[in-house]
Amino acid sequence: MAHKAKASNHGGSSVGIESRGERIFDAVLAIIGILLVFIALYPIYYVFIASISRPLYVENGAVMFRPVLATIESYREAFQTPFLWTSFGNSIFYTLFGVLVNMAFSTTMAYALSRPRLIFRKFFTLVAVFTMWFSAGIIPMYMNFRDFGLLDSRMAILFGFCINTYNMIILKSFFEQVPSSLEEAAFIDGASDFRIFGQIYLPLSKPSLATVGLFYAVTRWNGYFWPMNLLTSDSKVPLQVLLKKLLVDRTANEMESAIITAESLSSQTTVIYALIIIAIIPMVIVYPFIQKYFKSGITIGANKG
Amino acid sequence: MGIPSKRALRKRFIGSWQLLILLLPGLIWYILFCYRPMVGLRMAFYDYNIFRGFEGSTFIGLENFRTYMMGPDFARTIKNTLMIALWQMLICFPAPIILAIIVTEMRSNILRKLVQTSTFLPYFISTVVVCGMVVNFLSPSTGIINKFIELLGGEATYFMVYPQYFRPIYTLMTLWQTAGFNAIVYIAALMGIDPQLYEAALVDGAGRWQRIWHITLPGIIPTIVTMFIMNIGKIVKVGYESIILLYQPSTYSTADVISTYSFRMGIQNGDYGIATAAGLFEAVIALILVVIANKVSKRLTETALW
């Protein structure tokens, strides 16, 4: 069988000869591939089918590959969780405004550090990069927030984590890639650094800004550790902190679950699975769109260190 | 490079004052939220009382370090940190490399995309949800994993309470969460390998395995080394965010690492001096590891991180 040379290079050693050995190799690879897809997706799929099944069949193991006697009762109950909508709203607030704060602080600093003209540039870069190698740690950071009176404050979440050094360095290398002739031309026209930054560099690096913005957004949406420690009011915590109480701390009182009959439409377990689905749905919806941005960001990050 | 003269400095300053203004917000943030806490590290040398502050607390020198290092928790946290790091290095580090090779070796474009997309997905699911899934999947009464074990004739086990299961659980969870994400760097490196090399090897009669062994692997070794170095510094900073969600007093013997110990002592027990001492100990080791890794890398590959 004649084999055309592949138009697009996807890497790999397969270069178009199909001996019997090659075909077995390919078949084994395909099986491994399907297995990997199963391992990656099954946990999520299982949570979904369990969340819409009757609890008795979840608990006796009848639900494994498809839902049994589907019902949305668990979702109805999950949506009644106190503070679920509040925390959902809080998460949207922290993500939206948090990313704005992140981008404002990160782009300005990254731009300044990307200009060879900047005085003490090496020193300022070191100030940022050193924090990747050495950080004060959890307790001193917590005390620092306490000193500023930022405990149980939304401002702590927004402004306590303005810059992720890794993301800032990625932005810096993006700015460094923009041809400097643009800057020089603008300079000759008498433009200030602020204008060059705001009207030339920012618009030119839109795709890179999107990439880093998404890095920040995913971290913001998924983070729980600092919000858990800094925020004490139920009305201020984001979704992940609420979920932590509902999903993880629940094991402590495993014993107090009610008796489940064939007629039960929901149980503690199925409600938890429903909550997991509610929590990951926003991510799963945006995932196809943000995937490619992430890939480009990761590759650049790794090359730049 | 000589020391620049005062006049040259002034000229550079005048030339970049607008840049300095752009730099300022970020710089102030670093000082207030990254460097100011470093000053707070002196808590490690005080019998620190949160209500009285430094003025009301007594300076006790290295007493906190002694309490930590002489106590029973020291050996345990060090051992657990190293063991969990070792598990990570042995399983979670090579897995993305293998995954990347599998993905690029596939002939079917559809399957290749499917594998990449689905293994990448778990990375976007939060730590809390992933840990929640683990805890619920392993539940002895309702967990799906125990259902499978029962189906195969085994006995349901409450995995989360037995110390011997903690490291495998934690490692497999991290593997599921990060393998697809970490593979992306390697896939990019693999796509950079010149296809002509493979064709030449084919002409020489090299089979698939030989081509992978002699062309693919050597082609991504620089990437592997870089990733390895970047991971070394993180060794001691094992993922406390997920460990504190998964461990419980009955599994402390295998799960409690330096950072979780520091967190528990400080935020939960209010023993800030000892907690900070443990944290500082960890941070210094991490710093030393990064410096060593970079030195070694400079010598070996001429690709240093700085």
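Since the structure is predicted, the reported quantities are computational estimates derived from the model, not experimental observations.

## A look at the overall build of chain B
Here's step 1: From N to C terminus, chain B includes 16 helices and two strands.
Here's step 2: Here the C-alpha radius of gyration of chain B, 25 Å, is well above what a compact globule of 306 residues would show, namely 19 Å.
Here's step 3: Each principal axis of the C-alpha distribution contributes one length, and for chain B these read about 75 × 70 × 35 Å.

## Let's talk about the overall build of chain A
Here's step 1: What chain A contains, in helices and strands, is 14 helices and zero strands.
Here's step 2: Its helices and strands taken in sequence order, chain A reads α-α-α-α-α-α-α-α-α-α-α-α-α-α from the N to the C terminus.
Here's step 3: Against the globule reference of 19 Å for 305 residues, chain A gives a C-alpha radius of gyration of 25 Å, more extended than a compact globule.
Here's step 4: In terms of overall dimensions, chain A has a C-alpha envelope of 80 × 75 × 35 Å along the principal axes.
Here's step 5: Relative to its full complement of 305 residues, chain A shows a buried share of 39%.
Here's step 6: Restricting the contact set of chain A to residue pairs at least 6 apart, pairs at least 24 apart contribute 74%.

## Side note on the domain arrangement of chain A
Here's step 1: When its domains are assigned, chain A resolves into domain 1 (17–81 + 257–287) and domain 2 (85–238).
Here's step 2: On a C-alpha basis, the centres of domain 1 of chain A and domain 2 of chain A stand 36 Å from each other.

## So, unusual backbone geometry
All names here are of chain A.
Here's step 1: With a phi close to 50 degrees, Leu69 is a non-glycine residue in the positive phi region.
Here's step 2: You can see Leu69 is positioned in the loop between helix H2 (55–59) and helix H3 (73–78).
Here's step 3: With phi around 70 degrees, Phe83 is a residue other than glycine that occupies positive phi space.
Here's step 4: When you line up the elements, Phe83 lands in the loop between H3 and helix H4 (84–114).
Here's step 5: Judged by local crowding, Phe83 falls into the partly exposed class, with 19 C-beta atoms found within 10 Å.

## Things to note about the interface of chain A and chain B
Here's step 1: On the chain B side, the residues contacting the 84 residues of chain A number 93 residues.
Here's step 2: It is helix H1 (residues 20–51) of chain A that contributes the most residues to the side of chain A that touches chain B, 15 residues altogether.

## A closer look at the environment of Gln116 of chain B
Residue and element names in this part refer to chain B.
Here's step 1: Mapped onto the elements, Gln116 comes out in helix H7 (residues 109–120).
Here's step 2: We classify Gln116 as buried; it has 25 C-beta atoms within 10 Å.
Here's step 3: In this structure the C-alpha to C-alpha distance between Gln116 and Ile187, which are 71 residues apart in sequence, comes to 9.7 Å.

## Brief notes about H1 of chain A
All names here are of chain A.
Here's step 1: Compared with an ideal rise of 1.5 Å per residue, which puts 32 residues at 46 Å, H1 spans 46 Å between its outermost C-alpha atoms and is within 8% of the ideal.
Here's step 2: The largest bend along H1 measures about 45 degrees and falls at Leu41, with the proline Pro43 one to four residues further on.
Here's step 3: Listing the buried residues of H1 in full gives Leu29, Gly33, Leu36, Ala40, Val47, Ala50 and Ser51.

## Focus: the nonpolar core
Buried together is how nonpolar side chains tend to be arranged in soluble globular proteins.
Here's step 1: With 146 residues, the main nonpolar core has Leu247, Leu275 and Ile276 of chain A together with Val129 and Val134 of chain B as its most contacted residues.
Here's step 2: In terms of residue count, the dominant contributor to this core is helix H10 (residues 163–191) of chain B (15 residues).
Here's step 3: Both of domain 1 (17–81 + 257–287) and domain 2 (85–238) of chain A provide at least three residues apiece to this core.
Here's step 4: Residues contacting Ile276 of chain A, with those up to four places away along its chain left out, are Val47 and Leu247 of chain A together with Val129, Gly132 and Met133 of chain B.

## Considerations on the environment of Phe294 of chain A
Here's step 1: Note that Phe294 of chain A resides in helix H14 (residues 268–304).
Here's step 2: Assessed through the 19 C-beta atoms surrounding it within 10 Å, Phe294 of chain A is described here as partly exposed.

## Section: the packing of H4 of chain A against helix H8 (residues 165–177) of chain A
Residue and element names in this part refer to chain A.
Here's step 1: Between H4 and H8, the least distance of the axes is 8 Å, while the angle of their chain directions is 50 degrees. In this view, H4 runs oblique relative to H8, as classed from their interaxial angle. Relative to H8, H4 is oriented so that their crossing is right-handed. Listed contacts from H8 to Ser106, Thr107, Met109, Ala110, Tyr111, Leu113 and Ser114 of H4 are Asn167, Met168, Leu171, Lys172, Phe175 and Glu176.
Here's step 2: When its residues are assigned to classes, the contact of H4 with H8 shows seven nonpolar, four polar and two charged.

## Considerations on the environment of Asp204 of chain B
Here's step 1: The topology assignment puts Asp204 of chain B in the loop between helix H11 (195–203) and helix H12 (208–232).
Here's step 2: Taking the C-alpha atoms as reference points, Asp204 of chain B and Gly26 of chain B, 178 residues apart in sequence, are found 57 Å from one another.

## Some words on the confidence of the model for chain A
All names here are of chain A.
Here's step 1: In this model, chain A carries a mean pLDDT of 87, and residues with pLDDT of at least 70 account for 90%.
Here's step 2: In the model of chain A, H14 stands out as the element of lowest mean pLDDT, 83, in contrast to helix H7 (residues 154–159), which has the highest, 97.
Here's step 3: Long-range and interchain partners of residues 1–8, a stretch whose pLDDT sits below 50, account for four contacts in this model, where long-range means more than four residues apart.

Cut-offs and rules
Position numbers for residues start from 1 in each chain and track the written sequence from start to end. All chains are assigned letters beginning with A, and all ligands numbers beginning with 1, in the order in which they are written. In view of the model being predicted, local features appear only for residues whose pLDDT reaches at least 70, and side-chain atom pairs are presented and counted only at 80 or more, with totals across whole chains, interfaces and linings using the full set of residues. Secondary structure elements are taken from DSSP: a helix is a run of H or I of four residues or more, a strand is a run of E of two residues or more, and numbering for both begins at the N terminus. Every radius of gyration here is taken over C-alpha atoms, with the globule rule written as 2.2 Å times N^0.38, N being the number of residues. Buried means a residue has 20 or more other C-beta atoms within 10 Å of its own C-beta, exposed means 12 or fewer, and partly exposed covers the counts in between; C-beta atoms are placed from the backbone. Residues are defined as contacting one another if the C-beta atoms placed from their backbone atoms lie within 7 Å. Domain start and stop positions are those given by an automatic or database domain assignment. Multiplying 1.5 Å by the helix residue count minus one yields the expected span of that helix. We define the bend at each residue as the angle formed by axes fitted to the 7 residues ending at it and the 7 residues starting at it. Note on definitions: a nonpolar core is a set of buried residues drawn from Ala, Val, Leu, Ile, Met, Phe, Trp, Tyr and Cys, linked by C-beta atoms within 7 Å. Angles shown run from 0 to 180 degrees and are taken between the N-to-C directions of axes, each axis being a line fitted to C-alpha atoms and, for helices, limited to the stretch in contact. Our angle categories are set so that under 35 degrees counts as roughly parallel, over 145 as roughly antiparallel, 65 to 115 as roughly perpendicular, and the remainder as oblique. Whether a crossing is left-handed or right-handed is set by the direction in which the near helix is turned from the far one by less than a right angle, anticlockwise for left-handed and clockwise for right-handed. Ten residues, namely Ala, Val, Leu, Ile, Met, Phe, Trp, Tyr, Cys and Pro, are considered nonpolar, four, namely Asp, Glu, Lys and Arg, are considered charged, and the remaining ones, Gly among them, are considered polar. Each residue gets a pLDDT score, which is the predictor's confidence in that residue and runs from 0 to 100.

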